[in-house]
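Residue strings, one per chain:
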Amino acid sequence: MSFFNGEKNNGFDVLYHNMKHGQISSKELSDFIRERVTIEETYSRSMSKLAKSASNFSQLGTFAPIWDVFKVSTEKLASCHMELVRKLQELIKEVQKYVDEQAKAHKKTKEEVASTLEAVQNIQSVSQALQKSKENYNSKTLEQERMRKEGATQRDLDKTGVKVKKATEVYKSFVEKYATTKTEFEQKMAETAQKFQDIEESHILHMKEIIQSYSCSVEDTHKQIEELHQEFVNNMENTSVESLIQKLAESKGTGKERPGKRKHNNSLLIHLNFDSEEEDERRKFHVEIKPVQPNNGTHQHKATIDELKASIGNITLSPSATVRHTHTHTHTPVTLASQDALPIAVAFTESVNAYFKGADPSKCIVKITGDMTLSFPSGIIKIFTSSPSPAVLSFKLKNTSKLEQILPNQHLLHSDSSQSDTNTRDFWLNMPALTAYLRKNSEQNPTSSYYNVDVLKYQVCSNGIQSTPLNLAVYWKCGPTTTDLRVDYRYNPEAMQPHGPLSSVQVLVPVNGGVTNMQSIPNNKSLWKLNDISEKSENEGSGSLRAKFELSDGPSIPATLAVQFFNEGSTLSGVDMELVGSGYRLSLNKKRFASGKTFHLSFYRPNSA
């Protein structure tokens, strides 16, 4: 307190305004972090744009695969910076919360130190009165002394004596009053100064904690960027000239056999569907003739498996992705009025990628990702643009406990990540940004009856083979003149919600060794006909596909099989949405999942097929 004394007793005023300056500092720190968010977000968008441009570069020539390395690395860099944006946005919320708490605390403190302010005002008032009484006492005393020296009459001296006596009494009373007031002021001021000091210490500590969080977020991002750069360097070092030449030969090669020799590699495409009996005769096996290097088959097979493992392990979600999905809904092996509940539709589209190694279920690797898309009828745009503040579109994402990661569209969607319920999460749309987005789409496609908006992406927690709707195992028996193949499949309804059939199942089987003839089971037909695989299928959706290939240049090298299927009406995650509040209604809730680009089986061990 000794630093805030002084003759004018202004220490209280200085300490009080210093407390108010703390609130200003908090707001300025929030503004600083918000500006950093803007910079990071702009940089992330620029990186995403750059990554997209890499996709548009020439895909011809031996250098083409390098662009994929650039694209993936740049997308990851954009994601790093967008993750920093998310962290800093959360930090801004904390700072704003602190600012609000600070304002309440300052208001309470102002009430608590009101008596000290009164004591300050009292001592300032008494000090001024004391000074005036002192000056009056000195003046009267000097006047009395002057009159004595000048020989004034006794009557005049008596009158002056009365004035001096009165001035003395007033002066004495203010001296006593000042002493009492000073004691009260010093006591109140000491208590208040300690209170102000406690507030300032707490404020500085809180500000340092915020700055520490800010520093940690930035530091984590820098570490991620450093790791990404090292990953990029390693990828480039591992991309040899020989591998680029080899990829060109595999994708563009026209064959090593001289014309006239009949030696082939074959890909058998098996369709499993609901086709009618009339189509049986005109549908045949689709056999693709592809060149291979017979002396390097084992190496190619191993490379294919390694690539599949790598692709399965590296499936990631990118918050900046803007892949558009076209859905069929329309808003009429409708006539809209602003007072009506406005119709919207939602679609959940999921993709399951899996890698099965032979018949070993413990070695099955699974990745499931999904997209949530909202669809708006074209008439809703006029309502949005004509209303100064359209109703905020809010929804609850349900069954989120099975989701490993959720990435909202940062430009359009806000969420409350502090919810205690792990099975739901609340979201609401940035209505001005949504209106601008829909208006832009309307200008680009004025004849469209509805417009789709990708609002979020997610990754589903997987439990190995239990998470795949179709479990598979493959067995090869390779001899010098024949290759026997068996593919076992089993429908797994527990992987989806609700249970539903798998449609358009296709199995692609590459077979080398110069296939000259083929026999297939069931029915030795060119079309292997099965109904949609479901619980209602024969053997509850379990069965085997068998084939025998006669070879001219065996034995075959067991290859990797690719499988495709899709389902309408179910999801693997069970995730769903529910509108919150009024103003909107859900006209359609569409769900779909399909096999991804990577749904493969590799050879496990020789066995009787």
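Conventions used here
Residues numbered from 1 in each chain as written. Predicted model: local features only at pLDDT ≥ 70, side-chain atom pairs only at ≥ 80, totals over all residues. Heavy atoms only, no water. Helix = DSSP H or I, 4+ residues; strand = E, 2+ residues; numbered from the N terminus. Buried < 20%, exposed > 50% of the residue type's maximum accessible area, 1.4 Å probe, protein only. Areas by Shrake-Rupley, 256 points an atom, 1.4 Å probe, with all protein chains shown as cover. Pairing = 2+ DSSP bridges. Axes fitted to C-alpha atoms, helices over the stretch in contact; angles between N-to-C directions. Phe/Tyr/Trp six-rings, centres within 6.5 Å; stacked < 30°, edge-to-face > 60°. Contact = heavy atoms within 4.5 Å. Parallel < 35°, antiparallel > 145°, perpendicular 65-115°, else oblique. Nonpolar A, V, L, I, M, F, W, Y, C, P; charged D, E, K, R; others polar. Arc of directions from axis to C-beta. Expected span 1.5 Å × (residues − 1). Core = buried A, V, L, I, M, F, W, Y, C linked by side-chain atoms within 4.5 Å. Salt bridge = Lys/Arg side-chain N within 4 Å of Asp/Glu carboxyl O. Left-handed = near helix turned anticlockwise from the far one by under 90°. Polar contact = N/O pair within 3.5 Å; in protein donor to acceptor, adjacent residues only side chain to side chain.

Engineer: When you look at the overall build of the chain in this model, what are you seeing that I'm missing?
Structural biologist: Looking only at helices and strands, the chain features eight helices and 17 strands. Across the 609 residues of the chain, 40% fall into the buried class. Of the accessible surface of the chain, which amounts to about 33,900 Å², a share of 51% is contributed by carbon and sulfur atoms.

Engineer: When you look at the sheet that holds strand 7 (residues 413-415) in this model, what are you seeing that I'm missing?
Structural biologist: Paired through backbone hydrogen bonds, the strands of a sheet run either parallel or antiparallel to each other. Strand order in the open sheet formed by four strands is 7-8-5-16, and the pairing between neighbours is antiparallel. The two strands at the open ends of the sheet, each matched to only one other strand, are strand 7 and strand 16 (576-580). Averaged over all neighbouring strand pairs, the angle between strand axes comes to 30°, with direction disregarded.

Engineer: Teacher, can you tell me more about the environment of Gly379 here?
Structural biologist: In this fold, Gly379 is placed in helix 7 (residues 379-386). Through-space distance from the C-alpha of Gly379 to that of Ser449 is 8.1 Å; in sequence the pair is 70 residues apart.

Engineer: Hey, could you run me through the packing of aromatic side chains in this one?
Structural biologist: Aromatic ring pairs: the centre-centre distance and the angle between the two ring planes describe each pair. Under the definition given, this model contains six aromatic pairs. Measuring from ring centre to ring centre gives 5.4 Å for Tyr137 and Tyr171, while their planes differ by 25°; the resulting arrangement is stacked. Placement of the pair is Tyr137 in helix 3 (residues 114-149) and Tyr171 in helix 4 (residues 154-238), with a sequence separation of 34 residues. Residue classification places Tyr171 among the partly exposed positions, given a relative accessible area of 22%. Where Phe384 meets Tyr584, the ring centres are 6.5 Å apart and the plane angle is 65°; that geometry is what we call edge-to-face.

Engineer: I'm lost on the environment of Val563 in this one. Help?
Structural biologist: Relative to the assigned elements, Val563 resides in strand 15 (residues 561-568). Distance from Val563 to Leu472, taken between C-alpha atoms, is 9.4 Å for residues 91 residues apart in sequence. What Val563 contacts, discounting residues up to four positions off in sequence, is Leu470, Leu472, Gln506, Val507, Ser595, Phe599 and Leu601.

Engineer: I tried to follow unusual backbone geometry on my own but got confused; where do I start?
Structural biologist: Residues other than glycine predominantly adopt negative phi, and peptide bonds predominantly adopt the trans conformation. With an omega of -10°, the peptide bond running from Gln497 to Pro498 counts as cis. Note on placement: Pro498 falls in the loop between strand 11 (482-491) and strand 12 (503-511). Along the chain, Gly554 connects to Pro555 via a cis peptide bond; the corresponding omega equals 0°. By the element assignment, Pro555 lies in the loop between strand 14 (542-551) and strand 15. Despite not being glycine, Glu540 has its phi angle at roughly 55°, a positive value. For Glu540, the position within the fold is in the loop between strand 13 (515-521) and strand 14. Residue classification places Glu540 among the exposed residues on the basis of a relative accessible area of 61%.

Engineer: How do you make sense of the packing of helix 2 (residues 64-112) against helix 4 when you look at a structure like this?
Structural biologist: The axes of two packed helices give the description: the angle between them and the distance between them. One can describe the packing of helix 2 onto helix 4 by two numbers: an axis separation of 10 Å at closest approach and a directional angle of 175°. The angle between helix 2 and helix 4 places the two elements in the roughly antiparallel class. Here the contact of helix 2 with helix 4 is built from residues that sort into 20 nonpolar, twelve polar and six charged.

Engineer: Just to check I follow, could you spell out helix 7 for this structure?
Structural biologist: Among all positions in helix 7, only Ile380, Ile381, Ile383 and Phe384 are buried. All buried residues of helix 7 project into a common sector of 165° when viewed along the axis, lining one side. Among the exposed residues of helix 7, those pointing more than 90 degrees away from its buried face are Lys382 and Ser386.

Engineer: Can you walk me through helix 8 (residues 431-444) in this structure?
Structural biologist: Because the α-helix completes a turn every 3.6 residues, residues three or four places apart line up on one side. Taking 1.5 Å as the rise per residue, helix 8 with 14 residues should run 20 Å; its terminal C-alpha atoms sit 20 Å apart, in good agreement. Met431, Leu434, Thr435, Leu438 and Asn441 are the residues of helix 8 that are buried. Angularly, the buried residues of helix 8 cover 130° about the axis, an arc narrow enough to put them on a single face. Exposed residues on helix 8 whose side chains face more than 90 degrees from its buried face are Pro432, Lys440, Glu443 and Gln444. Of the surrounding secondary structure, the elements contacted by the buried residues of helix 8 are strand 4 (360-377), helix 7, strand 8 (424-429), strand 9 (450-460) and strand 17 (584-602).

Engineer: Hey, could you run me through the nonpolar core in this one?
Structural biologist: Nonpolar side chains in soluble globular proteins tend to be buried together. One finds Met372 and Leu374 to be the most contacted residues of the largest nonpolar core, which totals 68 residues. If one sorts the elements of this core by residue count, strand 3 (residues 342-357) sits on top with seven residues. If near-sequence neighbours (up to four positions away) are discounted, Met372 is found in contact with Val346, Ala347, Phe348, Phe395, Leu397, Val453, Asp454, Val455, Leu456, Tyr458 and Met577. Core analysis: the next-biggest nonpolar cluster, separate from the first, contains 16 residues, Leu29, Tyr98, Val99 and Tyr214 among them.

Engineer: What am I meant to see in the pattern of salt bridges here?
Structural biologist: Charged atoms that come close allow side chains of opposite charge to pair. In total, this model carries 18 salt bridges according to the counting rule given. One salt bridge in this structure joins Lys71 and Glu75, with 2.7 Å as the shortest N-O distance. Taken together, the positions of Lys71 and Glu75, both in helix 2 and four residues apart, correspond to about one turn of that helix. Owing to a relative accessible area of 23%, Lys71 belongs among the partly exposed residues under this scheme. With relative accessibility at 26%, the residue Glu75 sits in the partly exposed group. Salt-bridge contacts for Glu219 lead to Lys223; the nearest nitrogen and oxygen are separated by 3.9 Å.

Engineer: In this structure, what is going on with the packing of helix 3 against helix 4? I would like to understand it.
Structural biologist: Two elements in contact, helix 3 and helix 4, have axes whose closest approach is 7 Å; the angle formed by their N-to-C orientations is 155°. As the angle between them shows, helix 3 and helix 4 are arranged roughly antiparallel. The handedness of the crossing between helix 3 and helix 4 is left-handed. A per-class count over the contact of helix 3 with helix 4 returns 18 nonpolar, 13 polar and nine charged.

Engineer: Which parts of the structure should I look at to understand the side chain of His81?
Structural biologist: Along the chain, the position of His81 falls in helix 2. Here His81 falls in the buried class, since its relative accessible area comes to 9%. Once residues within four sequence positions are removed from consideration, His81 is found in contact with Glu40, Tyr43, Ser44 and Ile225.

Engineer: Explanation requested: the side chain of Ser375 in the structure shown.
Structural biologist: Relative to the helices and strands, Ser375 is located in strand 4. Judged by its relative accessible area of 1%, Ser375 is buried. A polar side-chain atom of Ser375 sits 3.1 Å from a polar atom in the side chain of Asn452.

Everything listed here is a matter of geometry and, on its own, says nothing about what the molecule does.
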